[in-house]
Amino acid sequence: MSGAKAISLHVAVIILLFALNFLLPEYHHGVLARVMVFAVFAMGYALLFGYAGLLSLGHSMFFAAGMYGAALPVLHLGWSAPLAFVAGIAAGTALSLLIALLALRTTGVAFMIVTMMFAQVFYLAIIYFSPWTRGDEGFALDRQARIVDLGGNLVDLTNPTARYMIALLLFTIALFTMLRVVTSPFGRVLVAIRENEERTRMLGYNTFANKLVAVVVSGTVCAAAGAAYALLFGFAGAGFASVQYSILPLLWSLLGGAATTLGPALGALFMYYLVDITSGYTSAYLLFVGILLMLLVLFFPKGILGTARDRWARWLP
Amino acid sequence: MTPLLTTRGLSRSFGGLKAVDKVDFDVMPGEIRAVIGPNGAGKTTFVSLICGRIGADAGRIDFDGQDITDLPAYQRVRKGIAYTFQITSVFAKLSAYDNVALAVQRSMLDTPDARQSSKALRGKVMEALRRTGLEDRADAQAGTLSYGHQRLLEVAMGLALKPRLLILDEPTQGLSDAEIVDFIALIREIAKTATVLLIEHNMQVVMQLAHRVSVFEAGRMIADDTPDAIRENPVVQHAYLGDGPDE
Ligand SMILES: Nc1ncnc2c1ncn2[C@@H]1O[C@H](COP(=O)(O)OP(=O)(O)O)[C@@H](O)[C@H]1O
Ligand SMILES: [Mg+2]
């Protein structure tokens, strides 16, 4: 059971996001839809990094597994969007199970390097199979495939409002799943593993099995984000499998608070606008982004919400 | 009566050093067994082999009539072997309550009907904290507790596992005399429901509590007898008692 306060806050966030659909100007409306999908990616990552304490540098492969798992069947087999979405998630689950079995033999820095290597292999495989994946250039999804028949109602995923609402739905499911998981006995075991794995083992927990489940849940959530991105925005490209997209969820989590439920989403939003605004003024925007990130880490070492929890609101999950 | 725990030829080396060397060892159910010996004798390594924290090079361990030599540590814990660390190893950033709750939660997973009940969890956590005298510190962050209280928290976590064999690695190290008196009473109480294997430097504690004493030196068990007989044993006096307890 999570506290009533925590649940109220999460519900309030969802209501606010719902209201923003009607209030935001077109540009920011589009940005927020995109950020909500990235926020799901961030949450999937933070479950593993923030709670279980496993720092992966290869999560782009799970996002990309979802993206290509959904987009390739649409491109080559003409699958409908809902079916493709399921395929994307399944691809992420399968890949994360395989990676977990291999990478969890290591810990710490070795885990970071091993996950990065696997992600690099995945990226190179996408390039290598360019005839099917269209490599770096990527490919757009057919508009027809993005019109979904939901019990007689046609939902057009190219329509901004439909897109926003589906992103919000996915975000809501991911957020409450995350809240549920981290306040469950399983979530407490993950924190225990992060704090002291040997002690956790000596309390009778199979720490390997718990970490395995954490990697698979994390990979699956990230894949759901990747699949949704492909279907909502109609594009898949190898860039999303690159190192950059492994670093981004790490930064989002660090910024917002890796061991909080809402922090990763906040981090994703913050970072998106940071890049968006600074790049409008100067071509050296990455310098400003870097400086701001450094200041944030100095003054908010546990991320925005992690530090807020320590100082003001201990009830934040 | 059959022993609860036996080891035969149990050995473990680190590089060329034989930390534990062909130890044959038996503990009866209900017993309080003390293990003594100078620093570096291999006591911690020996109990680490029993609880599975480290693997044996050779030999065999039986618990409750079953060969557990190849079982991973977490499964040994589930069979009822609880270990409290010599170097205090609590979850420093979590509250004392949460530390114990992790142990209780684990043992409750074995009894599915109790799985959902957070009230039952709370009751069990508070009971373990009360038995160790920590109930008014339930909300304190474990890392901020005094050293003595952290040692007690270790014991509370061990207790919360409802162990059949509780292994305590130098639990009184760093405790005040008053705390040691309470501690002796606590171990007597624990021994009513569990077998206790106690590594201990304080000879007063050993003499007051132990039914039998095993003496380690340089990886070997050089004596295994009643406390009185151990006190009189010339080999032991030479190896250990003669120099006085080293800290
Ligand atoms: N992990 C380890 N690696 C190398 N040597 C070790 C290790 N653990 C213990 N030893 C060595 O094994 C010997 C026995 O250590 P230990 O079991 O801790 O003794 P005790 O608990 O009786 O003081 C010591 O010489 C110690 O240095
Ligand atoms: Mg020792």
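Since we're looking at a predicted model, the values are computed, not measured.

## A look at the pattern of salt bridges
Tallying each qualifying case throughout the model produces 19 salt bridges over all chains. The partner of Lys93(B) in a salt bridge is Glu195(A), and the shortest N-O contact between them spans 3.9 Å. Residue Lys93(B) is found in the loop between strand 6 (81-84) and helix 3 (96-108), and its partner Glu195(A) is found in helix 8 (residues 185-195); the two belong to separate chains. Residue Lys93(B) is classed as exposed on the basis of its relative accessible area, which comes to 56%. The exposure class of Glu195(A) is partly exposed, given its relative accessible area of 21%. One salt bridge connects Arg60(B) with Asp62(B), and the closest N-O pair in it is separated by 2.7 Å. The class for Arg60(B) is partly exposed, based on a relative accessible area of 39%. Within the structure, one salt-bridge network assembled from shared partners comprises Glu31(B), Arg33(B), Arg212(B) and Asp224(B).

## What to know about the coordination of the magnesium ion (ligand 2)
Here the magnesium ion (ligand 2) is held by the protein donor atoms Thr44(B) (OG1) and Gln86(B) (OE1), which lie 2.0 to 2.2 Å from it. Residue Thr44(B) is located in helix 1 (residues 43-51), and its partner Gln86(B) is located in the loop between strand 6 and helix 3; the two are separated by 42 residues in the primary sequence.

## Overview of the site of ligand 1
Residue and element names in this part refer to chain B. In the region of ligand 1, the neighbouring residues are Phe14, Leu17, Ala19, Pro38, Asn39, Gly40, Ala41, Gly42, Lys43, Thr44 and Thr45. Here Lys43 contributes a side-chain N or O atom positioned 2.8 Å from an oxygen atom of ligand 1. At 2.5 Å, a side-chain N or O of Thr45 approaches an oxygen atom of ligand 1. When isolated, ligand 1 has an accessible area of 560 Å², and the protein chains bury 59% of it. Top contributing element to the shell around ligand 1 by residue count: helix 1, with three residues. Of the residues in the shell around ligand 1, the class split is five nonpolar, five polar and one charged.

## Regarding the sheet that holds strand 3 (residues 32-36) of chain B
Residues and elements named next belong to chain B. Strands sit in the order 6-7-8-3-9-10 across an open sheet of six strands; the sheet is mixed. The open sheet has two edge strands, strand 6 and strand 10 (220-225), and neither has a second partner. On average, each strand axis in the sheet is inclined to that of its neighbour by 15 degrees, with strand direction left out of account. Those strands touched by helix 6 (residues 177-190) are strand 3, strand 7 (165-169) and strand 8 (195-199), and its axis lies near 160 degrees from that of strand 7.

So, how was this worked out
Residues numbered from 1 in each chain as written. Chains lettered and ligands numbered in written order. Predicted model: local features only at pLDDT ≥ 70, side-chain atom pairs only at ≥ 80, totals over all residues. Heavy atoms only, no water. Salt bridge = Lys/Arg side-chain N within 4 Å of Asp/Glu carboxyl O. Helix = DSSP H or I, 4+ residues; strand = E, 2+ residues; numbered from the N terminus. Buried < 20%, exposed > 50% of the residue type's maximum accessible area, 1.4 Å probe, protein only. Donors = N, O, S within 2.8 Å, 3.2 Å for Na, K, Ca; no water. Near = heavy atom within 4 Å. Polar contact = N/O pair within 3.5 Å; in protein donor to acceptor, adjacent residues only side chain to side chain. Areas by Shrake-Rupley, 256 points an atom, 1.4 Å probe, with all protein chains shown as cover. Nonpolar A, V, L, I, M, F, W, Y, C, P; charged D, E, K, R; others polar. Pairing = 2+ DSSP bridges. Axes fitted to C-alpha atoms, helices over the stretch in contact; angles between N-to-C directions. Contact = heavy atoms within 4.5 Å.

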